[in-house]
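# Summary of the model geometry
Each chain, written out:
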Amino acid sequence: MTAGGMPRRRFLAASAASGLAGLAPFAPALAASGDGWGEAFAAALGRNPMLLGWKTPPDRLDAKSLTVAGKWPAGLRGRFFRNGPSIHDRFGRRYRHWFDGDGMIQEFAIDGGRIAHRGRVVRTPKLAREDAAGKRLYSGFATHLESRAPVRGPDSMNAANISVLHHGGDLLALWEGGSATRLDEATLAARGFKRWSAQLSGVPFSAHPKVDPDGTLWNIGCALLPRPALVLYHIDRAGKLVKAGLVKAGPMGLIHDFVVTRTSLVVLVQPFLFDPARAESASALDAHVWNPRAETRVLVVDKADFGKRRWHALPACFGFHYGNAWEEADGTIRLDHCLADDPGIVTETLRYVMKGEFRPSSPLRYSRIVLPPNGDGRIVSRGEEAEFAKVAPAVVGRRHRFVYTLGVPGEPPGWHFRTVVKRDLERGTAERFDYGPGRIPEEHLFVPKPGGRREDDGWLIGTVLDWKKGVSGLSLFDARAVAAGPVAQAWLPYPLPLGFHGTFVG
Ligand SMILES: [Fe+2]
């Protein structure tokens, strides 16, 4: 570690209790929880099949040939990977938050009009230890175990359940409380944790790395104990660590995402702060405290020199994901973020859905933040409900015109997404496709068309759960005509658990 280097063992201790995600089982059926959550979910699923997306699937899924509709372009060949919490019931207990289930990799192999699928649970060391013990051993992000195994480092409870990255020849399942997990590309089997360097072994590597148009990768890692600290990563296009840094960021909570400009990394430290004193007797989530009167602090770090930093201040706000960021000639940074008024979505909505209860929360809205060079900060606009914002890879860190999000139709906002939205930020317009009642879309990625010249010369690819039919599918849009709906789809013979993020490997 370079700037401000913290010894590795301290890093491990710092990270050990950050426990940002959970545990899980391989039971294909609903498990009795013994504490009412499993029974409550089973009863709710009987009344409301929309909850299918939070049911534990079998730990191995295979479909050699999907049912194809429309015309898949001959120029689109590759593999679309996704990850998400999937194993929500384990050893007769149901986890108490959507974020706690262990990860399952979904792979769609696309070869012209032929599409195959397979799903594989990420066999982490945690799962192996729990299987050997015949019981759950570790607390999750929001599932607190009173009696739990000693934690040797954050990877003791690594659930590998947030995203997938393909970089420098490695296929990696990403978590955020600890290491990335290497996957065998042929079998999707877990092959141990990725070590960027000996010093960084077991140090958190977050699930939202940013890749510059030249292939350079930047990432953060969030450690909460014994004192909050941010790790910064600079990795070249071949997957080699160029440098790492450490920022002692003061009071801090879980930081899920960040953005880059041409010259800087930008990280929001929201006033949803981790209290170490609470962590002994509560889950990581319940050790966080929301202070709506406190500022959101914004850290800007120079890519060329991690020691060059400045801070900005914003009103209190909460969000998971950004759209993109860029800087103007005078140094002003503009960035897009899906922001809510408070963290109710994580403390309420996404917790109680695990027992089949719907508790609405402050919606995430597509928002624009401005950071002038003098250290001020402003949230200058709050648009309609939006999440999982994506831009074309060619404009990461550059001024973008188009952004693609999920949304909900009309007001008041619904509690889950139903639309795919393309926003034209220059014209202030948007076009949207509504999947309609009965379908829940997930993150849709932008995949550039070979030889494309315009920013929106590409496809959007994403999954959708049709809970009325009990199956999941894959959709492909022409990014220049989103409102026209998918140009092609492919349907599985089974449903997939709702997940988070993925990547397309051409
Ligand atoms: Fe995320």
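Described in the following lines is the structure provided in the data block. (Residues numbered from 1 in each chain as written. Predicted model: local features only at pLDDT ≥ 70, side-chain atom pairs only at ≥ 80, totals over all residues. Heavy atoms only, no water.)

## Looking at the overall build of the protein
Our working definition: Think of it this way: any DSSP run of H or I at least four residues long counts as a helix, any run of E at least two long counts as a strand, and we number them from the N terminus. This radius of gyration counts C-alpha atoms alone. The globule rule is 2.2 Å times how many residues there are, raised to the power 0.38. Only heavy atoms matter for contacts: two residues are in contact if any of them lie within 4.5 Å across the pair. Per-residue and other accessible areas follow the Shrake-Rupley method at a 1.4 Å probe size, with only the shown protein chains counted as cover for residues. Residues counted as positive are Lys and Arg, residues counted as negative are Asp and Glu, and His and the chain ends are not counted. By convention, the point assigned to a charge is CZ for Arg, NZ for Lys, CD for Glu and CG for Asp.
Within the protein, the regular secondary structure consists of four helices and 35 strands. In terms of C-alpha radius of gyration, the protein reaches 21 Å, essentially the compact-globule figure of 23 Å for 506 residues. Of all intrachain contacts in the protein linking residues separated by at least 6 positions in sequence, the fraction that spans at least 24 positions is 63%. Only carbon and sulfur atoms are counted for the fraction: they give 51% of the accessible area of the protein, which is about 18400 Å². Charge separation in the protein, taken as the distance between the mean sites of 67 positive and 51 negative side-chain charges, equals 3 Å.

## Details of the coordination of the iron ion
Ideal geometry at a metal centre: 109.5 degrees between donors when four sit tetrahedrally, and 90 or 180 degrees when six sit octahedrally. Our working definition: Here the coordinating atoms are restricted to nitrogen, oxygen and sulfur within 2.8 Å of the metal centre, or 3.2 Å for Na, K and Ca, and because water is not among them the sites may look incomplete. Irregular is the label for any site that misses the other tests, which are tetrahedral for four donors with all angles between 85 and 135 degrees, and square planar for four donors or octahedral for six when opposite donors exceed 155 degrees and the remaining angles lie between 65 and 115. Relative accessibility thresholds used throughout: buried, under 20% of the residue-type maximum; exposed, over 50%; partly exposed, between the two (1.4 Å probe, protein chains only).
Distances from the iron ion to its protein donors, namely H208 (NE2), H256 (NE2), H321 (NE2) and H501 (NE2), fall within the range 2.0 to 2.1 Å. Here the iron ion binds four donor atoms, and the angle range of 91 to 160° at the metal identifies the geometry as irregular. Considered as a linear motif, the donors of the iron ion on their single chain read H-x47-H-x64-H-x179-H. Placement of the pair is H321 in strand β23 (residues 318-327) and H501 in strand β35 (residues 501-505), with a sequence separation of 180 residues. Relative accessible area serves as the criterion here: at 6%, H321 is assigned to the buried category.

## Some remarks on the pairing of strand β3 (residues 77-83)
Each regular strand displays side chains that alternate between the two surfaces of the sheet. Using the following cut-off: Strand pairing is assigned whenever DSSP identifies at least 2 bridges connecting the two strands.
Judged by how many residues are buried, β3 sits mostly within the fold: five of seven residues are covered. With six bridges joining them, β3 and strand β7 (residues 102-111) adopt antiparallel strand pairing. Considered in β7, the bridge of F80 is made with F108. In this structure, β3 lies alongside β35, joined through five bridges in antiparallel fashion. Paired with R82 across the two strands is G502, which belongs to β35.

## A look at the sheet that holds strand β15 (residues 229-235)
Ordered in space as β13-β14-β15-β16, the four strands form an open sheet in which the pairing is antiparallel. Among the strands making up the open sheet, the edge pair consists of β13 (210-211) and β16 (241-247). By the bridge criterion, seven bridges tie strand β14 (residues 217-223) to β15 in an arrangement that is antiparallel. Of the residues in β15, the one forming a bridge with N219 is Y233.

## Some remarks on the nonpolar core
How we decide: Here, nonpolar core means buried Ala, Val, Leu, Ile, Met, Phe, Trp, Tyr and Cys residues that are tied together by side-chain atoms lying within 4.5 Å of each other.
Judged by nonpolar contacts, the single largest core of 102 residues is most densely connected at F205 and Y233. A per-element tally of this core places β15 first, with six residues. Of all hydrophobic cores here, the second largest spans 25 residues; its members include L76, M104, I110 and L127.

## Digging into unusual backbone geometry
For L188, which is not glycine, the phi dihedral falls at a positive 70°. Mapped onto the elements of the fold, L188 is located in the loop between β11 (181-183) and β12 (190-193). Under the relative-accessibility criterion, L188 is labelled buried at 2%. Even without a glycine there, the phi angle at F388 is positive, about 55°.

## Concerning the environment of M157
Looking at the secondary structure, you find M157 in the loop between α3 (125-133) and β9 (163-167). With 20 residues separating them in the primary sequence, M157 and L137 have C-alpha atoms 8.7 Å apart.

## Thoughts on the sheet that holds β11
To keep it simple, the criterion reads: Axes here refer to lines fitted to C-alpha atoms; in helices the fit is confined to the stretch in contact. Angles between the N-to-C directions go from 0 to 180 degrees.
Read across the sheet, four strands follow the order β9-β10-β11-β12 without closing on themselves; strand pairing throughout is antiparallel. If you trace the sheet from one side to the other, it starts and ends with β9 and β12, each paired once. The average angle at which neighbouring strand axes cross in this sheet is 30°, direction not considered. When strand β10 (residues 170-174) meets β11, the two strands line up antiparallel, connected through three bridges. Counterpart to L172 in the pairing with β11 is R182.

## Concerning the packing of aromatic side chains
Inclusion rule: Any Phe, Tyr or Trp ring, taking Trp's six-membered ring, that has another such ring centre within 6.5 Å forms a pair; planes under 30 degrees apart are called stacked, those over 60 apart edge-to-face, and the others tilted. By definition, being over a ring means that NZ of Lys or CZ of Arg is both within 6 Å of the ring centre and within 35 degrees of the ring normal.
Inspection of the entire model under this criterion finds 18 aromatic pairs. Ring centres of W37 and Y352 lie 5.9 Å apart, and the angle between their planes is 25°; on these two criteria the pair is classed as stacked. With a gap of 315 residues between them, W37 in helix α2 (residues 37-47) and Y352 in helix α4 (residues 344-352) connect regions that are remote in the sequence. Put simply, the rings of W54, W98, F99, F141, F272, F318, F320 and F500 pair up and form one aromatic cluster. Cation over ring: K243 sits above F306, and NZ or CZ is 4.4 Å from the ring centre. Over the ring of Y352 we find R359, and its NZ or CZ is 3.6 Å from the ring centre.

## Notes on α3
How we decide: Summarising the geometry, the arc corresponds to the directions from the helix axis toward the C-beta atoms.
Of the residues making up α3, those classed as buried are K126, L127 and E130. The buried residues of α3 occupy an angular sector of 95° when the element is viewed end-on, so they sit on one face. Buried residues along α3 sit against β5 (89-90), β7 and β8 (114-121). Downstream of α3 by one or two residues, G134 has phi in the positive range, about 70°.

## Some details on the pattern of salt bridges
The criterion, for reference: Salt bridge, as applied in this entry: a Lys or Arg side-chain nitrogen positioned within 4 Å of an Asp or Glu carboxyl oxygen.
Applying the stated rule across the entire model yields 38 salt bridges. The salt bridge involving E130 is made with R90; its shortest N-O contact spans 2.9 Å. Here E130, found in helix α3, pairs with R90, found in strand β5; they are 40 residues apart in sequence, far enough to count as distant. On the accessibility criterion, E130 (0% relative accessible area) is buried. Among the residues examined, R90 registers a relative accessible area of 1% and is labelled buried. With a shortest N-O distance of 2.3 Å, R368 and D336 are connected by a salt bridge. Here the residue R368 occupies a position in strand β25 (residues 365-371), and D336 occupies one in strand β24 (residues 333-340), the gap between them amounting to 32 residues.

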